[in-house]
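Coordinates in review
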Amino acid sequence: MQATAVKEWMDQVIKPEQVEKYLDKGNDFINEDYIFTTLMANQKPDKQRLREIIAKSLALERLEPEETAALLNCTDEEMWEEMYAAGGQIKEKVYGRRIVTFAPLYVSNLCVNSCVYCGFRHDNKKAIRKQLTLEELREEIKSLVQKGHKRLIMVYGEHPDSDVNYIAETLKVAYDTKVNHGEIRRSNVNAAPMSVEDLQVLKEVGIGTFQVFQETYHHETYRRLHPRGIKADYRWRLYSLHRSMEAGVDDVGIGALFGLYDWKFEVMGLLLHTIDLEKKFGGVGPHTISFPRMEPAVNTPFTQKSSHLVDDNTFKKLVTVIRLSVPYTGMILTAREPAYIREKVLPVGITQIDAGSNIGIGTYSSDTLDYERQQFILGDNRSLDEAVCDLAKMSRIASFCTAGYRCGRTGNYFMDIAKKGKVHTLCMPNAILTFKEYLLDYASEETRQIGNQLIEQEIAALPGELIRQTVLDLLARIEAGERDLYL
Ligand code: SAM
Ligand code: SF4
């Protein structure tokens, strides 16, 4: 495409009126003075105060910013241990011992933006550019389905060639491609902010969660790290998920890229984002929160020289504070982290992971690693089967369930059952059913053995005879060859 045509396209993406309507007297909801003073005013919290806050989280109530600030400022390692334990308890209470499992699928890395930390940035001459044709995409999907995946997050750079129409076409291909028993049943999207009208197009084709990470909530840092392109507009991005809710795509995922600015500030930003969504959309906040840590990328020196890189212990702490602050929200830990970190952090409250991930473009079907086609370098290269097996060894069921979404349990409905701690009475049976499908159709012998034992334990732990019998009946039907059964 000609440079002038690209420029023309860029000029019409942002719709200022779709931002201004959400501002409060011209201000956005990230009040930096408020964040700094709240962090300052809640230093050195004593044990009693911390325990009161933890008790509130355990009662599944969202924390207020002063409470989150107190947790962030804890310097007592004994109290951190209590917080880790509470995080795990909350997760089990709301979600049960299941971990939703998905694969990332990079579809296009053409990008008009210049995010200083990203290997796909426009001015990175070392990045090999690639946009999948629909036929190439079909091959990628087939390859993922053949490994046992049912859920995807499809990822795109921002470019006129991969605009909303292309994204809609690729979602259709994802849903239409079947291999034997297998198919993709839910596809989430991580793409650039869009207008309400564009989001409505994606709703039509069955988008799952729409994810947009703010990267950093700190205005000045944001400005410095996004020097050019559409992404330079902080507020267009900050309100992207408000527009998504407005368009009826009511499962939204927020996130911050840790390593760009102070980690305590970013956690406060995620909380204020949650609060503003809840305030404006009848109590419905984000469906998921992501907390990627910045990873090295080809020809991207900033990733290693930022002064805000987060070490492993701090990472575990920040994940824990997010868990305690928003007890009913899904939390995603990606394969950016190596397996040993994922094992350490998972128990403090993670609900979703990606597995068997390959983030090159077109590299699932070619089964290759290609750093020049990657946005960054992955930490966990285990296969799906290895990751599922390791989860089972930790007594966690990998759930491929997509029933909640397909039965309309999204947005308000989902939040209502999540806040009452009832997700697992529906989701645990569905996790067992989809896990059984995986074990029968795709698992190695070792995973099948450990997995079947785990299923027996989980059936015994189901709440009540009626539900137990229902699950046993459905399992018998799956063993007999039926698929896609759910409550
Ligand atoms: N281009 C779209 C955008 O920026 O919103 C779509 C997603 S981008 C491909 C996915 C996410 O990857 C970004 O939002 C950012 O948080 C994360 N990311 C970018 N560079 C990264 C790096 N070096 N290490 C880890 N994550 C990174
Ligand atoms: Fe493009 Fe997204 Fe990478 Fe920024 S983070 S350069 S917008 S792909």
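Residues numbered from 1 in each chain as written. Chains lettered and ligands numbered in written order. Predicted model: local features only at pLDDT ≥ 70, side-chain atom pairs only at ≥ 80, totals over all residues. Heavy atoms only, no water.

We now examine the overall build of the chain. When helices and strands are counted, the chain shows 23 helices and eleven strands. Over its C-alpha trace the chain gives a radius of gyration of 22 Å, about what one expects of a compact globule, namely 23 Å for 487 residues. Along the first, second and third principal axes, the C-alpha set of the chain runs to 60 × 60 × 40 Å. Of the contacts made within the chain by residues no fewer than 6 positions apart, 77% connect residues no fewer than 24 positions apart. Carbon together with sulfur atoms contributes 50% to the accessible area of the chain, which is approximately 18,600 Å² in total. Of the charged side chains in the chain, 61 are positive and 69 negative, and the gap between their average positions amounts to 1 Å. (Helix = DSSP H or I, 4+ residues; strand = E, 2+ residues; numbered from the N terminus. Rg over C-alpha atoms; globule rule 2.2 N^0.38 Å. Contact = heavy atoms within 4.5 Å. Areas by Shrake-Rupley, 256 points an atom, 1.4 Å probe, with all protein chains shown as cover. Lys, Arg positive; Asp, Glu negative; His and termini not counted. Charge placed at Lys NZ, Arg CZ, Asp CG, Glu CD.)

Within the structure, ligand 1 sits among 20 residues, and Asn190, Glu215, Lys231, Arg237 and Glu295 are positioned closest to it. Take Lys231: an N or O atom from its side chain is 2.8 Å from an oxygen atom of ligand 1. Within the side chain of Arg336, one N or O atom sits 2.9 Å away from a nitrogen atom of ligand 1. Contact with the protein chains hides 96% of the accessible area of ligand 1, taken as 560 Å² for the molecule alone. The residue inventory of the shell around ligand 1, partitioned by class, reads ten nonpolar, four polar and six charged. (Near = heavy atom within 4 Å. Polar contact = N/O pair within 3.5 Å; in protein donor to acceptor, adjacent residues only side chain to side chain. Nonpolar A, V, L, I, M, F, W, Y, C, P; charged D, E, K, R; others polar.)

Turning next to the site of ligand 2. Near ligand 2 you find Cys111, Asn113, Cys115, Cys118, Phe120, Arg121, Gly157, Lys231 and Gln375, and these make up its full shell. Partitioning the shell around ligand 2 into residue classes produces four nonpolar, three polar and two charged.

Attention now goes to the nonpolar core. Phe210, Phe291 and Leu318 are the most contacted members of the largest nonpolar core, which totals 154 residues. With nine residues, helix α13 (residues 263-280) is the single largest residue contributor to this core. (Core = buried A, V, L, I, M, F, W, Y, C linked by side-chain atoms within 4.5 Å. Buried < 20%, exposed > 50% of the residue type's maximum accessible area, 1.4 Å probe, protein only.)

Counted at 1.5 Å a residue, the expected span for helix α6 (residues 77-95) with its 19 residues is 27 Å, and the 27 Å between its end C-alpha atoms agrees. Within the span of α6, buried status applies to Met79, Trp80, Met83, Tyr84, Ala86, Gly87, Gly88, Ile90, Lys91, Val94 and Tyr95. N-cap assignment for α6: the residue whose side-chain oxygen lies 2.9 Å from the backbone N of Glu78 is Asp76. (Expected span 1.5 Å × (residues − 1).)

Attention now moves to the side chain of Glu183. Here Glu183 is to be found in strand β4 (residues 182-183). Residue Glu183 is classed as buried on the basis of its relative accessible area, which comes to 16%. Within the structure, the side chain of Glu183 is placed 3.2 Å from the side chain of Arg185, a separation counted as a polar contact.

Right, let's get into the pattern of salt bridges. Applying the stated criterion across every chain, the model contains 40 salt bridges. For Arg138, the salt bridge identified is with Glu135, shortest N-O distance 3.3 Å. With Arg138 and Glu135 both in helix α7 (residues 134-147) and three residues apart, this pair spans about one turn of that helix. As a salt-bridge pair, Arg342 and Asp380 come within 2.8 Å of each other at their nearest N and O atoms. You can see Arg342 sitting in helix α16 (residues 339-345) and its partner Asp380 sitting in the loop between α17 (363-366) and α18 (384-393), a full 38 residues away along the chain. Judged by relative accessible area, Asp380 falls into the buried class, the value being 4%. The structure contains a network of salt bridges with shared partners spanning Arg342, Asp354, Asp380, Arg382, Asp390, Lys393 and Glu446. (Salt bridge = Lys/Arg side-chain N within 4 Å of Asp/Glu carboxyl O.)

Its location among the elements puts Asp354 in strand β10 (residues 352-354). Here Ser357 takes part through its side chain, which lies 2.8 Å from a polar atom of the side chain of Asp354.

Attention now moves to the packing of helix α4 (residues 47-58) against α6. Two measures define how a pair of helices packs: the angle their axes make with one another and the distance between the axes. Two elements in contact, α4 and α6, have axes whose closest approach is 10 Å; the angle formed by their N-to-C orientations is 10°. If you check the angle between α4 and α6, you find them roughly parallel. For the pair formed by α4 and α6, the contact residues are Lys47, Leu50, Arg51, Ile54, Ser57 and Leu58 on the first element and Glu78, Met79, Glu82, Met83, Ala86, Gln89, Ile90 and Lys93 on the second. Within the contact of α4 with α6, the residues separate by chemical class into seven nonpolar, two polar and five charged. (Axes fitted to C-alpha atoms, helices over the stretch in contact; angles between N-to-C directions. Parallel < 35°, antiparallel > 145°, perpendicular 65-115°, else oblique.)

Going through the model one piece at a time under the given rule, you end up with twelve aromatic pairs. Linked through ring pairs, Tyr22, Phe29, Tyr239 and Phe281 together constitute an aromatic cluster. Note that Arg243 overlies the ring of Trp236, its terminal NZ or CZ placed 3.5 Å from the centroid. Lys316 extends its terminal NZ or CZ atom over the ring of Tyr84, reaching a point 4.2 Å from the ring centre. (Phe/Tyr/Trp six-rings, centres within 6.5 Å; stacked < 30°, edge-to-face > 60°. Lys NZ or Arg CZ within 6 Å of the ring centre and 35° of its normal.)

Time to look at the domain arrangement of the chain. If you check the domain split of the chain, you get domain 1 (13-24 + 91-418), domain 2 (32-73) and domain 3 (421-479). Between domain 2 and domain 3, the C-alpha centre-to-centre distance is 38 Å. (Domains from an automatic or database assignment.)

Below, the discussion takes up helix α22 (residues 445-460). Over its 16 residues, α22 extends 23 Å from the first C-alpha to the last, a length consistent with the 22 Å expected when each residue adds 1.5 Å. Of the residues making up α22, those classed as buried are Thr447, Gly451, Leu454, Ile455, Glu458 and Ile459. Seen from one end, α22 has its buried residues packed into an arc of 135°, which puts them on one side. Within α22, the exposed residues directed more than 90 degrees away from the buried face are Gln453, Glu456 and Ala460. (Arc of directions from axis to C-beta.)

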